[in-house]
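As a plain string of letters, each chain reads:
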Amino acid sequence: MESAVEHALRAQIISWVQERAEANGGFLRRLELLDFRIGDQKLPIIDYSRGIRNPASFESTLSIVSATNGPYDDTESEDGLLHYAYREGDPWSGDNRKLRNAMTTGAPLILFRKEVPNIYTPVAPVYVVDDYPEERTFIIALDESFNFVPDVMQMPEPQRDYARRLAKQRLHQPAFRTRVLVAYEIRCAVCELKHGSLLDAAHIVPDSDERGVPTVNNGLALCKIHHAAYDQNMLGVTPDFEVRIAHKLLDEVDGPMLKHGLQEMHGRHIKLPNRRADRPSADLLAWRYERFGVHA
């Protein structure tokens, strides 16, 4: 069991990471993580050069970093579990010992997905639930309940399904939000609001559709009002990047939010990402706009 001091510090750090990430729009910057302090004491939350953070005063690992090369984490299994490779060297000492100790004590960790350079999406808490020395791999789960599964690699289908749903909710959706918001420079594409905590990543083609992949060109950075309006076909975006408001709303008389927040957006062009590869796909916008037209 970890000490009371380490337990309290770990809880304080996880809470700060979650609050800070939400204020930013779902992510943290590298310098924020390296400059974290407890009072006057500097306590970096990630390592300067390695993908694992083991503070000298901690008995168990504090955080791990997983770099991403595509829409999903390449270490994720089809069961929604993460395979985290041993650090180089002796599998029973150093970084590996502290990560194994986290499995023994059940200590919660922070998983950081490195989406783009110097930008990290936190997933916390996560837990080390198994160890495969022959494969030099630890198994990381997104829920403490997996600590009580006899063999996480042989789970029955209901538990596999739960793990996959957790991965979508806690890994894929936050990662998609980070990539989209960073591409749009943390501002709503429609109204240019720049408060990250009030911004979402809206799918152009919903993720329930086979074309609704979690790539930036299938996303729009929208404030929560415009995201809700987009999802309810009150607001549309043409393949030429022009905003359209449903006729029934344009004809309506209500308070200032309707007038300034929606009606005055009609005919505006959305703000696009600087990188052409990040801009919304005209084909996907056309698919979605056709459905908006049916309701408008």
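Refer to the structure above for everything that follows.
Keep in mind the model is a prediction, meaning the values are calculated, not measured. (Residues numbered from 1 in each chain as written. Predicted model: local features only at pLDDT ≥ 70, side-chain atom pairs only at ≥ 80, totals over all residues. Heavy atoms only, no water.)

Some remarks on the pattern of salt bridges
Evaluated as defined, the whole model comprises 18 salt bridges. Of the charged contacts, one joins Asp 200 and Lys 224 as a salt bridge, the two residues approaching to 2.8 Å between their closest N and O atoms. Of this pair, Asp 200 sits in strand β10 (residues 199-203) while Lys 224 sits in helix α5 (residues 224-231); the two residues are 24 residues apart in sequence, bridging distant segments of the chain. Judged by relative accessible area, Asp 200 falls into the buried class, the value being 17%. In this structure, Arg 275 engages Asp 278 in a salt bridge whose closest nitrogen and oxygen atoms are separated by 2.8 Å. Classification of Arg 275 by relative accessible area gives exposed; the value is 51%. Through salt bridges with shared partners, a single ionic network connects Asp 47, Arg 50 and Asp 95. (Salt bridge = Lys/Arg side-chain N within 4 Å of Asp/Glu carboxyl O. Helix = DSSP H or I, 4+ residues; strand = E, 2+ residues; numbered from the N terminus. Buried < 20%, exposed > 50% of the residue type's maximum accessible area, 1.4 Å probe, protein only.)

Looking at the pairing of strand β8 (residues 119-132)
With 13 of 14 residues buried, β8 is to be regarded as a mostly interior element. Pairing of strand β1 (residues 28-29) with β8, which is carried by two bridges, proceeds in the antiparallel orientation. Bridged to Arg 29 within β8 is Ile 119. As defined by bridge partners, strand β7 (residues 109-116) adjoins β8 across six bridges and the pair is classed as antiparallel. Residue pairing across strands places Phe 112 opposite Pro 122, the latter belonging to β8. Linking β7 to β8, which pair antiparallel, is a turn of two residues; within it Asn 118 sits at a positive phi near 70°. Of the strand pairs in this sheet, β8 and strand β9 (residues 137-141) are connected by five bridges, and their pairing is antiparallel. Residue Asp 131 lies in a different strand from β9, and its bridge partner there is Phe 138. (Pairing = 2+ DSSP bridges.)

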